[in-house]
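Coordinates in review
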Amino acid sequence: MKTKFFALALATGLFLNSCSSSDDPTPVTPPATGEITGTITANKTFAYGNYTLKGIVKVASGVTVTFEAGSTITANKTTGDNALVVLNGGKLNISGTADKPVVFTEASATPGSWGGIIMYGDAPIKAIGGVTTSTSEDGNALPYGGTNATHNGGSLNYARVEYAGAKLADGTKENNGFTFYSVGSGTTLDHLVSYKGADDGYEFFGGTVSMTNAISYGNYDDAFDWQDGWQGQNNSNWYAYQTGKGNFGMEIECSNNNNAFWPKITNITLKREAGCVPEVAGDIQVDAFQFKKEGNGDYSNIIISGYGNYTEGTTVYNGAAVKIQDATTNTNQVNGSKLKLTNVTISSTTQVVPVGATSAIVVNFPVGNFTPSTSATGASLTAGTWATVGGTSLIK
């Protein structure tokens, strides 16, 4: 009898409700939407969603703004100047993941269409003339610099900024994908991507913050840039891929100050694609590392590839792995052992030995301070959604 009942139940679908999952679907929360504008004056968490960023949005001092994983925030240049600015004392938490990064982009997908992410802190700087405070060049014209080395501006994880590089208001220069003004070591910068901006991928104006697992891809000016005595100590896995237009892989200066401190970066890859040209014709910037105005630092485990010859008109310019731009930098930083590049593997690059910008600058690193090798591994990054745009991996 039991066997007949079971067969009948199967035939009639008597057990359908208990065996089928189609009647008990997992609820799906639709992405949130909304416009982000003005100055944010109270703590705010933006749930997973698709948002519009309009205007120069500022995170006020004492306020924490959080973006949840997988969110997309889109600016539109037709509405005017747009940027996300974290004021000193404010915090930005970007809670992306490897498979659900938080993406900040612009509707036209055109480099130079908005101002990117700009963060202010009160960590130490040393600007031109040795001053410890200065005024930003980003169009906000805000003061930066202080004594709080451990300033905490939040935690940026798995975030991508696309198509930045616009001037804001009467700003003297274009903005970068990520711009950090005197940001402190309490801030986390990890797994960031700066994609196809019209200026630098990343720029540091002094400060003590460090950055790990960073990609600069297709930015028109320098992949990485800093000044004003930036001195981050725990930097690793920096990857640059210069394609289309691009200047230096790294432009490094200390605002003409002969500092007793410097940044440290390990695991660096700088690649320049064949056919990549300088941002502006006539302004020849085709070297992997450029040091000027007392630029210094400790760099290790480096891969340099693709910084070969560039022809403009009838003149051939020879790309260099390392170029020292001025005699003062050569004397104080190179000869003074404040500049070290060790375990450097170089390929497809014309000048593999460090050179001066002119024949009058004769560069001779002290023994052990520039060590070429064949075994450097460079940046070690794991590919994934966070490092993929339009189905193409940014890690080449």
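These numbers come from a predicted model, not from an experiment.

About the criteria used
- Residues numbered from 1 in each chain as written.
- Predicted model: local features only at pLDDT ≥ 70, side-chain atom pairs only at ≥ 80, totals over all residues.
- Heavy atoms only, no water.
- Helix = DSSP H or I, 4+ residues; strand = E, 2+ residues; numbered from the N terminus.
- Contact = heavy atoms within 4.5 Å.
- Areas by Shrake-Rupley, 256 points an atom, 1.4 Å probe, with all protein chains shown as cover.
- Lys, Arg positive; Asp, Glu negative; His and termini not counted.
- Charge placed at Lys NZ, Arg CZ, Asp CG, Glu CD.
- Domains from an automatic or database assignment.
- Buried area = accessible area lost by both parts, 1.4 Å probe.
- Salt bridge = Lys/Arg side-chain N within 4 Å of Asp/Glu carboxyl O.
- Polar contact = N/O pair within 3.5 Å; in protein donor to acceptor, adjacent residues only side chain to side chain.
- Buried < 20%, exposed > 50% of the residue type's maximum accessible area, 1.4 Å probe, protein only.
- Pairing = 2+ DSSP bridges.
- Core = buried A, V, L, I, M, F, W, Y, C linked by side-chain atoms within 4.5 Å.
- Phe/Tyr/Trp six-rings, centres within 6.5 Å; stacked < 30°, edge-to-face > 60°.
- Lys NZ or Arg CZ within 6 Å of the ring centre and 35° of its normal.
- Arc of directions from axis to C-beta.

**Remarks on the overall build of the chain**
- What the chain contains, in helices and strands, is 3 helices and 30 strands.
- By its C-alpha atoms, the chain is 100 × 50 × 40 Å across when sized along the principal axes.
- Residue pairs in contact within the chain that sit at least 24 positions apart in sequence constitute 71% of those at least 6 positions apart.
- In the form shown here, the chain has an accessible surface area of approximately 16,200 Å², with 51% of it arising from carbon and sulfur atoms.
- Averaged over its 23 positive side-chain charges, the chain has a centre that lies 7 Å from the centre of its 31 negative ones.

**A look at the domain arrangement of the chain**
- Taken domain by domain, the chain holds domain 1 (40-232) and domain 2 (234-388).
- If you average the C-alpha positions of domain 1 and of domain 2, the two centres end up 24 Å apart.
- Taken together, the contact pairs 40 residues of domain 1 with 39 residues of domain 2.
- Here domain 1 and domain 2 share an interface that buries about 3,100 Å² over both sides, 52% of which is from carbon and sulfur atoms.
- When the buried area of domain 1 at its contact with domain 2 is split by residue, Y220, F224 and W226 rank highest and sum to 21% of it.
- Counting every contact that joins domain 1 to domain 2 gives 0 salt bridges.
- Across the domain 1-domain 2 interface, the total number found is 30 residue pairs in polar contact (both at pLDDT 80 or more).
- Looking at the side of domain 1 that touches domain 2, the elements that each hand over two or more residues are β12 (154-162), β14 (188-195), β16 (212-217) and β17 (224-227).
- Ranked by residues supplied to the side of domain 1 that touches domain 2, first place goes to β16 with 6 residues.

**Section: the environment of A360**
- Looking at the element boundaries, A360 is found in the loop between β27 (355-356) and β28 (370-372).
- Linking A360 and A327, residues 33 residues apart in sequence, is a C-alpha distance of 8.1 Å.

**Overview of the pairing of strand β15 (residues 202-205)**
- Residues Y202 and F204 of β15 are buried on one face, and the alternating residues E203 and F205, pointing to the opposite face, are buried as well.
- In this sheet, β15 lies alongside strand β13 (residues 178-181) in parallel orientation, the contact comprising 4 bridges. Residue pairing across strands places T179 opposite E203, the latter belonging to β15.
- Note: β15 against β17, 4 bridges, orientation parallel.

**Re the environment of G130**
- Its place among the elements puts G130 in the loop between β9 (117-120) and β10 (134-135).
- Here the alpha-carbon distance between G130 and N258, two residues 128 residues apart in the chain, equals 9.3 Å.

**So, the pattern of salt bridges**
- All told, the structure shown has 3 salt bridges when counted by the stated rule.
- For K323, the salt bridge goes to D287, with nearest N and O atoms at 3.4 Å. Of this pair, K323 sits in strand β25 (residues 322-324) while D287 sits in the loop between β20 (264-272) and β21 (289-292); the two residues are 36 residues apart in sequence, bridging distant segments of the chain.
- The exposure class of K323 is buried, given its relative accessible area of 16%.
- By relative accessible area, which is 3% here, D287 ends up buried.

**Concerning the nonpolar core**
- In this structure, F224, F289, Y299 and L341 are the most contacted members of the largest nonpolar core, which totals 66 residues.
- When we break this core down by domain, the ones giving at least three residues each are domain 1 (40-232) and domain 2 (234-388).
- Excluding its chain neighbours within four sequence positions, the residues that come into contact with Y299 are W226, I252, P263, I265, I268, F289, F291, L339, K340, L341 and T342.
- Y163, Y195, W386 and V389 belong to the second-largest nonpolar core, a separate cluster that totals 14 residues.

**A look at the packing of aromatic side chains**
- Throughout the structure, instances matching the rule amount to 27 aromatic pairs.
- On the basis of an interplanar angle of 25 degrees and a centroid distance of 6.4 Å, the ring pair of Y310 and Y317 is categorised as stacked.
- By the ring-pair criterion, three or more aromatic residues cluster together here, those being F178, F180, Y202, F204, F224, W226, W230, W238, F289, F291 and Y299.
- The side chain of K44 reaches across the aromatic face of F46, ending 5.3 Å from its centre.

**Describing the side chain of S113**
- Mapped onto the elements of the fold, S113 is located in the loop between β8 (102-106) and β9.
- What makes S113 buried here is its relative accessible area of 6%.
- Among the polar contacts listed, one links the side chain of S113 to the backbone oxygen of T110, at a separation of 2.6 Å.
- Once residues within four sequence positions are removed from consideration, S113 is found in contact with K77, E106, S108, Y163, A164 and A166.

**So, unusual backbone geometry**
- Positive phi, close to 55 degrees, is recorded for N213, a residue that is not glycine.
- With respect to the helices, strands and loops of the structure, N213 is situated in strand β16.
- Not every positive phi belongs to a glycine, and E294 is a case in point at roughly 75 degrees.
- The topology assignment puts E294 in the loop between β21 and β22 (297-305).
- Taking relative accessible area as the criterion, E294 reaches 5% and is therefore assigned buried.

**A short note on helix α3 (residues 327-334)**
- Listed in full, the buried residues belonging to α3 are T329, N330, Q333 and V334. Buried positions in α3, seen along its axis, are confined to an arc of 105 degrees and lie on one side of it.
- Looking at the buried side of α3, the elements it contacts are β21, β25 and β26 (339-347).

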